[in-house]
Amino acid sequence: MRAVVFTAQGELALQERPTPEPGYKEILIETAAVGICGTDTHVFDGEFEGTVFPLVPGHEATGTIVALGEGVNDGVFDFRVGDHVAVNPSTTCGECEFCLNGHQNLCPQWNGLGVVASDGASQQFFTAPSRNVYRLKPETDLYQAALIEPLACAIRGWDVLPRRLGDHVLVYGSGTMGLLMAQLASRAGASTVSIVDLNEDRLKVAAECGIQNRYTSADQADREKWDVVIDCTGNIRAIEDALTRVKPAGFFQDFGVAPADRTAQFSPFRVYRDELSIVGTMAVLNSFGRAVELFEAGAINATAMISHSFTLDDYADALAMFRAGTGRKLQIRPNDTESRVLIA
């Protein structure tokens, strides 16, 4: 089979590899779609903590079960060859204080398929632990369903926010994560949802996804402060501006991934005086199953969010396009023979 491999920091190759065999309680999956996200660029650039090269990237994945390893259905599962599935890429030790106290996403041995030390799904077939595999309805679009993993991250983000009825929510960034956080805001009780992005083309996508208020600067809004402000950019200037937009007793969430060596300036006095809450959120935590259910319930406009699909041959082009900030959500479809523009 064919696989994209990050052979070393900043280097990739398309390789022929043996099709993997599923081990004990593992499932072999024929890959349908893999989303490209910022984590992939951090991994490729050697910026992600713990990454071991060589590594097959790809952690936002769906596919079809083609083989079951020994013991998969000995417990609660009833998987069958031919099932359509989505895969939670996060694995943890299950024994440390964080795992035992319900914070598995903070496990010191956290491992993401295609991110740290286990191959991901940018190959024609990949294996995953059965406990990380979620069956989809037969009618669910397998390609669009690759948005379930980032949706699970967004649900985790909302899990640590107040979700009060009537709040006003402001999101910075109209990329995939910003769009997901904004689309979930109304379901979390928001009375108004606003989104800010310097890229007006991305704001058009936000309009298609039903986001009412769209600005290239928060100064354009008809209000000065919001109950909940979420940064999905990781951009230091955006974060610094976003913190000034939070109402007294409000919440700021640092959702976007900023460079590890950068710092942001803010007023500690204002955090004290206005009783601001600043919260972080990391990956997926007990939210993947809910993401499957919300996705299949039509909670997000997946059709509007995916603009391009790429073959394995064109993986480097997809990575370059992502870095350039053009297009919408970009996908690798490892078993396709042609790259496609889905939305011009």
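Anyway, here's the lowdown on the structure attached to this text. (Residues numbered from 1 in each chain as written. Predicted model: local features only at pLDDT ≥ 70, side-chain atom pairs only at ≥ 80, totals over all residues. Heavy atoms only, no water.)

## Overview of the overall build of the protein chain
Phase 1: Of the regular secondary structure elements, the protein chain holds 10 helices and 18 strands.
Phase 2: Over its C-alpha trace the protein chain gives a radius of gyration of 20 Å, about what one expects of a compact globule, namely 20 Å for 344 residues.
Phase 3: Seen through its C-alpha atoms, the protein chain measures out along the principal axes to roughly 60 × 45 × 40 Å.
Phase 4: Looking at the 344 residues of the protein chain, the share that counts as buried comes to 51%.
Phase 5: Contacts in the protein chain between residues far apart in sequence, at least 24 positions, make up 70% of those at least 6 positions apart.
Phase 6: Separation between the mean location of the 28 positive side-chain charges and that of the 44 negative ones in the protein chain comes to 7 Å. (Helix = DSSP H or I, 4+ residues; strand = E, 2+ residues; numbered from the N terminus. Rg over C-alpha atoms; globule rule 2.2 N^0.38 Å. Buried < 20%, exposed > 50% of the residue type's maximum accessible area, 1.4 Å probe, protein only. Contact = heavy atoms within 4.5 Å. Lys, Arg positive; Asp, Glu negative; His and termini not counted. Charge placed at Lys NZ, Arg CZ, Asp CG, Glu CD.)

## Thoughts on the side chain of Asp227
Phase 1: Summarising the element assignment, Asp227 is placed in strand β13 (residues 226-231).
Phase 2: On the accessibility criterion, Asp227 (11% relative accessible area) is buried.
Phase 3: A distance of 3.3 Å separates a polar atom in the side chain of Asp227 from a polar atom in the side chain of Lys247.
Phase 4: Apart from the residues within four sequence positions on either side, Asp227 is in contact with Arg164, Gly166, Asp167, His168, Val246, Lys247, Gly250 and Phe251. (Polar contact = N/O pair within 3.5 Å; in protein donor to acceptor, adjacent residues only side chain to side chain.)

## Notes on the packing of helix α3 (residues 148-159) against helix α8 (residues 288-296)
Phase 1: Where α3 meets α8, the axes come as close as 8 Å, and the angle between the chain directions of the two elements is 110°. Our classification of the angle between α3 and α8 gives roughly perpendicular. The hand of the α3/α8 crossing is right-handed. On α8, the residues that touch Ile148, Glu149, Leu151, Ala152, Ile155 and Asp159 of α3 are Phe288, Arg290, Ala291, Val292, Leu294 and Phe295. (Axes fitted to C-alpha atoms, helices over the stretch in contact; angles between N-to-C directions. Parallel < 35°, antiparallel > 145°, perpendicular 65-115°, else oblique. Left-handed = near helix turned anticlockwise from the far one by under 90°.)

## Some thoughts on the pairing of strand β14 (residues 246-254)
Phase 1: As judged from the 5 bridges shared by β13 and β14, these two strands associate in the parallel manner. From the neighbouring strand, Ile230 faces β14, where its bridge partner is Gln253.
Phase 2: Taken together, β13, helix α6 (residues 236-243) and β14 constitute a β-α-β crossover, and its handedness is right-handed.
Phase 3: As paired strands, β14 and strand β15 (residues 277-280) are joined by 4 bridges and run parallel to one another. Residue pairing in the sheet places Phe252 in a bridge with Ile278 of β15.
Phase 4: The parallel pair β14 and β15 is bridged by helix α7 (residues 268-273), and the resulting crossover is right-handed. (Pairing = 2+ DSSP bridges. Right-handed = clockwise from strand over helix to strand, strands pointing away.)

## Quick look at the nonpolar core
Phase 1: Of all hydrophobic cores here, the largest spans 48 residues; its most connected members are Ile148, Trp158 and Ile230.
Phase 2: Listing elements by their share of this core, those giving two or more residues are α3, β10 (168-172), α4 (176-187), β11 (192-196), α5 (200-208), β13, α8 and α9 (302-305).
Phase 3: The residues contacting Ile230, other than those within four sequence positions of it, are Trp158, Leu161, Val169, Leu170, Val171, Tyr172, Met181, Gln253 and Phe255.
Phase 4: Counting residues in hydrophobic clusters, the runner-up holds 34 residues, among them Ile27, Val34, Phe310 and Ala318. (Core = buried A, V, L, I, M, F, W, Y, C linked by side-chain atoms within 4.5 Å.)

## Brief notes about the sheet that holds β10
Phase 1: Taking strand neighbours across the sheet as the criterion, the 6 strands line up as β12-β11-β10-β13-β14-β15 in an open arrangement whose pairing is parallel. The open sheet has two free edges, formed respectively by β12 (213-215) and β15, since each of these has just one partner strand. Mean inter-strand twist for the sheet, computed between neighbouring axes without regard to direction, equals 15°.
Phase 2: Pairing analysis gives 4 bridges linking β10 to β13, with the strands arranged parallel. The residue bridging Tyr172 from the neighbouring strand is Asp231, located in β13.
Phase 3: Packed on one face of the sheet, α6 meets β10, β13, β14 and β15 and runs near 155° to β14.

## Topic: the pairing of strand β5 (residues 84-87)
Phase 1: The sheet contact formed by strand β4 (residues 60-68) and β5 spans 4 bridges and is antiparallel. The residue bridging Thr62 from the neighbouring strand is Ala86, located in β5.
Phase 2: Bridge count for β5 against strand β9 (residues 133-135) is 3 bridges, and the pairing is antiparallel. For Val85, the partnering residue across the bridge sits in β9 and is Arg135.

## Some words on the environment of Gly178
Phase 1: Looking at the secondary structure, you find Gly178 in helix α4.
Phase 2: Note: C-alpha distance between Gly178 and Thr233 (55 residues apart in sequence) is 7.9 Å.
Phase 3: The contacts of Gly178, once residues within four sequence positions are left out, are Val171, Gly173, Ile195 and Cys232.

## With respect to α3
Phase 1: The terminal C-alpha atoms of α3 lie 16 Å apart, and with 12 residues this matches the ideal 16 Å at 1.5 Å per residue to within 8%.
Phase 2: Burial of α3 is extensive: 11 of the 12 residues sit out of reach of the surface.
Phase 3: Residues of α3 that are buried: Ile148, Glu149, Pro150, Leu151, Ala152, Cys153, Ala154, Ile155, Arg156, Gly157 and Trp158. (Expected span 1.5 Å × (residues − 1).)

## Some details on the environment of Pro18
Phase 1: Mapped onto the secondary structure, Pro18 falls in the loop between β2 (11-16) and β3 (26-35).
Phase 2: For Pro18, a relative accessible area of 69% puts it in the exposed group.
Phase 3: For the pair formed by Pro18 and Met1, sequence separation is 17 residues and the distance between their alpha carbons is 6.0 Å.

## A word on the environment of Lys137
Phase 1: Within the element layout of this structure, Lys137 appears in the loop between β9 and α3.
Phase 2: Here Lys137 falls in the partly exposed class, since its relative accessible area comes to 40%.

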